[in-house]
Amino acid sequence: MAAPAAAHHRLYSSSAAAAAPAPGRRLRFSQQPSPHGRFSSRAAARVLTRASGAGAGGGTSTSSAATAAASLSLEELRRGCSTWTWRGMRVNYLARGQGPPVLLVHGFGASVAHWRRNIRVLSESYTVYAIDLLGFGASDKPPGFSYTMETWAELILDFLEEVVKRPTVLVGNSVGSLACVIAAAESNREVVRGLVLLNCAGGMNNKAIVDDWRIKLLLPLLWLIDFLLNQRPIASALFNRVKNRDNLKDILLSVYGNKDAVDDELVEIISGPADTEGALDAFVSTVTGPPGPSPISLMPRLADVPVLVLWGDRDPFTPIDGPVGKFFSKLPSELPNVTLHMLEGVGHCPHDDRPDLVHDKLLPWLDGLPPPVTGAAAV
């Protein structure tokens, strides 16, 4: 995520594409009743107190200390992961806790470990799944593979069908949010129980641009970058700069509102997988590939799915005054199923930037969802 990738994200994530998705996908889904029932308000209050330190009066330093105590170490996360085979490729995932399932889907360049500050809190009352999208983290990065938003959405739907096997709340950040939106639009109400979007991206890359004049002026430069990235020696040199730890930390500091959250562990989470075989190909394919469907065209199709939108107001990649930010900021007035909370002083990755603020909004919203549909249903 050094300078080229940072510019790429700032540009494509603040834009919107008009591409329409493929016809809706229908799954055969056996729904199991959860023996744990709904997350009680009393349990939510206990978790919120633990996550936010002293409660409403706790300051940033108090909540930061509480967050650090609630975080999982990278070693704990590695030990808790398993492998699922999808279309002959290995996909890394974590499952922890008991209760109604929640699936966490990371953004560009991240992995399961990017949810280190959320998994323990959520798993108090939920079965928490977190997945490494193909091409990232510890999942396979097959040579020559063409990464698309639609492929990641298919992976999510198959994971729900084959591994989770129960109605699930999808929680995504950045391009992970967009993959969740596509999956929900291609699925049905019984499979996706709810949708949580943390600074949703407008597309997989800068080709999603349509109506931001600031970005249109840079189109020739963006096309040049795509051309250069398709020259292997140049792409390799740029990627080596991207994964340089000093450069990476500088970029993360510009992306996070809470600078204390940018620690050595976070740098390792992002940079470690970049040293694995196939990481360069995944980077180039993601940056230069098709942008995929736009959330602007998809969200009206999700009028019967409860949606929580959490948006950091200091996000340089998907700024609130960009086309996608403006769309989501007015969405609650158009769709009654959508709840929006702006998070003050928070950047592009709210769940890791200020997890206490995210949990403060997320846990009560999860508690208020209708109970999962029980019994067997063929959809």
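All values derive from a computational prediction rather than experimental measurement.

Undergrad: Help me understand the pattern of salt bridges, please; the structure alone is not making it clear to me.
TA: Side chains that carry opposite charge are capable of pairing whenever their charged atoms lie near each other. If you walk through the whole model with that rule in mind, you get 16 salt bridges. One salt bridge connects R116 with D263, and the closest N-O pair in it is separated by 3.4 Å. In this pair, R116 is assigned in the loop between β4 (101-105) and α5 (119-122) and D263 in the loop between α11 (245-255) and α12 (264-271), connecting sequence segments 147 residues apart. Given a relative accessible area of 1%, R116 falls into the buried group. Residues D263 and R117 are paired through a salt bridge, measuring 3.2 Å at the closest nitrogen-oxygen approach. One end of the pair, D263, is in the loop between α11 and α12; the other, R117, is in the loop between β4 and α5, with 146 residues separating them in the sequence. By relative accessible area, D263 is classed as partly exposed at 23%. Beyond isolated ion pairs, a larger network of salt bridges with shared partners links R116, R117, D263, E265 and D352.

Undergrad: So what exactly am I meant to see when it comes to the pairing of strand β5 (residues 127-131) here?
TA: Looking along a regular strand, one sees the side chains alternate between the two faces of the sheet. Where burial is concerned, most of β5 is hidden: five out of the five residues are buried. Summarising the sheet, strand β3 (residues 89-96) and β5 pair through four bridges and their orientation is antiparallel. The residue bridging L94 from the neighbouring strand is A130, located in β5. Summarising the sheet, β4 and β5 pair through five bridges and their orientation is parallel. The partner of V105 across the bridge, within β5, is I131.

Undergrad: In this structure, what is going on with the nonpolar core? I would like to understand it.
TA: Nonpolar side chains tend toward joint burial in soluble globular proteins. If you look at the biggest cluster of nonpolar residues, it comprises 65 residues, and the most contacted ones within it are L195 and F328. Among the elements that make up this core, the one with the highest residue count is helix α6 (residues 149-164) (10 residues). What L195 contacts, discounting residues up to four positions off in sequence, is V169, L170, C180, V181, A184, L302, V305, P306, V307, L308 and W365. Of all hydrophobic cores here, the second largest spans 44 residues; its members include A110, A130, V267 and V358.

Undergrad: Which parts of the structure should I look at to understand the side chain of S285?
TA: Counting through the fold element by element, S285 comes out in helix α13 (residues 279-288). A polar contact of 3.0 Å, which involves the side chain of S285, links it to the backbone nitrogen of Y147. Contact partners of S285, with chain neighbours within four places excluded, come to F145, S146, Y147 and M204.

Undergrad: Whenever I open this one, the layout of surface pockets confuses me. Can you help?
TA: In this approach, a probe sized like a water molecule rolls over the atoms, and the result shows the empty space that is left. There is about 300 Å³ of room inside the largest pocket. Taken together, 16 residues make up the lining of the largest pocket; nearest its centre are R78, S111, A113, A138 and P273. Those elements that place two or more of their residues in the lining of the largest pocket are α4 (74-80) and α12. For the lining of the largest pocket, the element with the highest residue contribution is α4, accounting for three residues. Split into classes, the residues belonging to the lining of the largest pocket amount to eight nonpolar, five polar and three charged.

Undergrad: What am I meant to see in the confidence of the model for the protein here?
TA: Atomic detail in the predicted coordinates should be set aside for any region of low pLDDT. Per-residue pLDDT for the protein has a mean of 81; in total, 74% of the residues score no lower than 70. A low-confidence stretch, residues 1-59 (pLDDT under 50), is modelled with 162 contacts involving residues beyond four sequence positions or located in other chains. Segment residues 375-379 is flagged for pLDDT under 50; beyond a separation of four residues in sequence, or across chains, it makes 12 contacts in the model.

Undergrad: Could you clarify how one ought to interpret the environment of V91 in this entry?
TA: Take V91: it is sitting in strand β3. In sequence terms V91 and D140 are 49 residues apart; their C-alpha atoms lie 6.3 Å from each other. Those residues in contact with V91 that sit more than four places away from it in its chain are S82, T83, W84, W86, I131, D132, L134, S139 and L155.

Undergrad: It is not clear to me how unusual backbone geometry should be interpreted in this structure. Could you clarify?
TA: Glycine aside, residues mostly have negative phi angles, and peptide bonds mostly take the trans form. For R87, which is not glycine, the phi dihedral falls at a positive 55 degrees. Mapped onto the elements of the fold, R87 is located in the loop between β2 (81-86) and β3. For R87, a relative accessible area of 54% gives the class exposed. Non-glycine residue N199 carries a positive phi angle of around 50 degrees. In this fold, N199 is placed in the loop between β7 (192-198) and α8 (213-216).

Cut-offs applied
- Counting from 1, residues in each chain are numbered in the order their sequence is written.
- Reporting in this predicted model follows two pLDDT cut-offs: at least 70 for local features of residues, and 80 or more for side-chain atom pairs to be given and counted; totals over whole chains, interfaces and linings ignore these cut-offs and use all residues.
- Note: side-chain values were computed over all heavy atoms of the structure, leaving out hydrogens and water.
- Salt bridges are defined by distance alone: a side-chain nitrogen of Lys or Arg within 4 Å of a carboxyl oxygen of Asp or Glu.
- Only DSSP runs of H or I covering at least 4 residues are called helices, and only runs of E covering at least 2 are called strands; the numbering of each starts at the N terminus.
- The cut-offs for exposure are 20% and 50% of the maximum accessible area for each residue type, with area from a 1.4 Å probe on protein chains only; residues under the lower value are buried, those over the upper are exposed, and the others partly exposed.
- One requirement defines pairing of two strands: DSSP has to find at least two bridges between them.
- For the purposes of this section, nonpolar cores are sets of buried Ala, Val, Leu, Ile, Met, Phe, Trp, Tyr and Cys residues that join through side-chain atoms within 4.5 Å.
- By definition in these notes, contact holds between two residues if any of their heavy atoms fall within 4.5 Å.
- Counting of polar contacts relies on pairs of N or O atoms within 3.5 Å, with two restrictions inside protein: one atom must be capable of donating a hydrogen and the other of accepting it, and residues adjacent in sequence are counted only when both atoms are side-chain atoms.
- Here a cavity denotes a set of grid points, spaced 1 Å apart and computed over the protein atoms alone, in which a 1.4 Å probe fits but from which it cannot get out, and a pocket denotes an open set meeting protein on both sides within 12 Å along at least five of seven lines; residues with an atom within 4 Å of a point are reported as lining.
- Grid points are joined across faces, edges and corners, and a volume is the space filled by probe spheres set on the points.
- Three classes are used: nonpolar for Ala, Val, Leu, Ile, Met, Phe, Trp, Tyr, Cys and Pro, charged for Asp, Glu, Lys and Arg, and polar for all others, with Gly counted as polar.
- pLDDT gives the predictor's per-residue confidence on a scale running from 0 to 100.

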